[in-house]
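The chain contents come next:
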Amino acid sequence: MRFETAAAQRINATHLVWVVLLILGWLLLWTPFRPLLVPDEGRYVDVAWEMLRSGNWITPSLNGFPYFHKPPLFYWITAAGLQVFGLHEWVGRLASVIGATVGITAVYAWVRQRQDVSTARLFLLLALVQPLVFGGAQYANLDMLVAGMITATLVLLAHSVFLLRNGGCYQTVLAWAYAFAGLGFLAKGLIGLVLPALALLCWLTATRQLKWLPKLLLSVRGWLVLLALVVPWLWAMQQRYPDFFHYFFVVQHFDRFAKTGFNNMHPWWFYPTLLALFLLPFAYSLWRSIRAGSLNPATPHADMRWLMWIWAAVIILFFSLPKSKLVGYILPAMLPLVYLCADALVLRYRARGRGTKRRPSLSRHYRGRVGTVVHHRGTAHHLAVGQSAR
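Every chain's residues receive numbers from 1 upward, in the order its sequence appears when written. Local features in this predicted model are restricted to residues whose pLDDT is 70 or higher, and side-chain atom pairs enter the listing and the counts only when it is 80 or higher, whereas totals over whole chains, interfaces and linings include all residues. Side-chain calculation: all heavy atoms of the structure are included, whereas hydrogens and water are not.

### Here's the deal with the overall build of the protein chain
For the record, the criterion: By definition, any uninterrupted DSSP run of H or I lasting at least four residues is a helix, any uninterrupted run of E lasting at least two residues is a strand, and each is numbered from the N terminus. Each residue is placed in one exposure class: buried if its accessible area under a 1.4 Å probe, protein chains only, is under 20% of its type's maximum, exposed if it is over 50%, and partly exposed if it falls in between. Contacts: residue pairs with any heavy atoms within 4.5 Å of one another. Each accessible area is a Shrake-Rupley estimate made with a 1.4 Å probe; only the visible protein chains count as cover when residues are assessed.
In terms of helices and strands, the protein chain carries 19 helices and 2 strands. The buried share among the 390 residues of the protein chain stands at 55%. Counted over contacts in the protein chain with a minimum sequence separation of 6, partners at least 24 positions apart contribute 79%. Total accessible area computed for the protein chain in this model is approximately 17,300 Å², and 67% of it derives from carbon and sulfur atoms.

So this is what it looks like as structure tokens:
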């Protein structure tokens, strides 16, 4: 593979379909080879199985009792998969694979369209073997699903900003952003709305683009789409169980974030240390790219890099505040970090190429880094399983 110097390229539908099939094929390939683990995988798939068996697709239940901990999107996808494909381990992990596919595809398509083909391709390669992303896609819980929806939401919101800046038609893209925000809420609750909003606000503030915020927030079409997605289930649950809103929003959202009575207590530096471990192979390239001025506003695509850094920082800070921490919580920060690694490697490769008569082989140049990433996949899976109790 050779690094092209051409600018961004528009993606046709056929190409995007092949990319989606590649991601799905790679991630699904590994899902059948181990049984469902307890407690998380067995519990979440059991809720979906009870939903299918009972015919009640509104109220999640576990062992015959209502299970209000999380919204129903994971259960809907899993129950539908069980109905179509039967009782198989890989079906229980299908929702996580879909979440990873949505997130990876969104970033790949956006980078290819706005930046260049080389960075998009390297991002795709690294994302498919990044240990935490790969491990999250192989684990049947809600974390990878909501991470994919948050990723798609932020990519579409940022794309709307670029369209606004250039005088393009942004309303349809923005409506899709609201749609994925609604799916993020149905995947894991308020973080599907709050985290994209926080990251977007911080990015617009840091890059002095707050003038676009009113148009992003006052999208009638967007709000109609979002409300149409989330209100019917919330209303139906509240009608059936009058205390649902209190338990779902207060206990499972605010109390879980603010109090210390939940499992998996870790210090504030848990996530920074974990990410430093998995980003170590790329640390030098990231540092060199920043030193070379990749974040300078005059540098091409600096605004995209600022978005990715701020996006990752907001996620890390948000989940570092509460005492309860799980490895999967940090998944919404992974794909922007993978993009930054790919971008730094491409910039470094091109800088070396300008200083030599003949560019070095890409496979030789990056074989060690990709091999290190693949080697860490088992470590990430071990961490995810060890932190799985909720």
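### Side note on the side chain of Thr-105
Structurally, Thr-105 is set in helix 5 (residues 94–114). Leaving out residues up to four positions away in the same chain, Thr-105 has contacts with Leu-16, Val-20 and Ile-23.

### Regarding a nonpolar patch on the surface
Formally: Exposure above 30% relative accessible area and the absence of a salt bridge qualify a residue for a patch, where like charges join within 9 Å and nonpolar side chains (Val, Leu, Ile, Met, Phe, Trp, Tyr) within 5 Å. Salt bridges are identified by distance alone: a Lys or Arg side-chain nitrogen within 4 Å of an Asp or Glu carboxyl oxygen.
On the surface, a cluster of nonpolar side chains totalling about 420 Å² of accessible area is made up of Trp-223, Leu-227, Val-231 and Trp-235. Assignment of secondary structure puts Trp-235 in helix 12 (residues 220–240).

### Structural notes on the nonpolar core
Here is the rule: Within this scheme, the nonpolar core is defined by two criteria: the residues are buried Ala, Val, Leu, Ile, Met, Phe, Trp, Tyr or Cys, and they are joined through side-chain atoms within 4.5 Å.
Counting 122 residues, the largest nonpolar core has Ile-104, Phe-123, Leu-132 and Trp-203 as its most contacted members. Top contributing element to this core by residue count: helix 8 (residues 143–165), with 16 residues.

### Some words on helix 1 (residues 13–29)
What counts is decided by this rule: Take the number of residues in a helix, subtract one, and multiply by 1.5 Å to get its expected span. Each C-beta atom gives one direction from the helix axis, and the arc is the one those directions make. Two N or O atoms count as a polar contact when they lie within 3.5 Å, although within protein this holds only if one can serve as hydrogen donor and the other as acceptor, and sequence-adjacent residues are included solely when both atoms are side-chain atoms.
With 17 residues, helix 1 should cover 24 Å at 1.5 Å per step; its first-to-last C-alpha distance of 24 Å lies within 8% of that length. Turning to helix 1, its buried residues are Val-19, Ile-23 and Leu-27. Down the axis of helix 1, the buried side of the element spans an arc of 55 degrees, and every buried residue falls inside it. Exposed and facing more than 90 degrees away from the buried side of helix 1 are Ala-13, Thr-14 and Trp-18. With a side-chain oxygen positioned 3.2 Å from the backbone nitrogen of Thr-14, the residue opening helix 1 is Asn-12.

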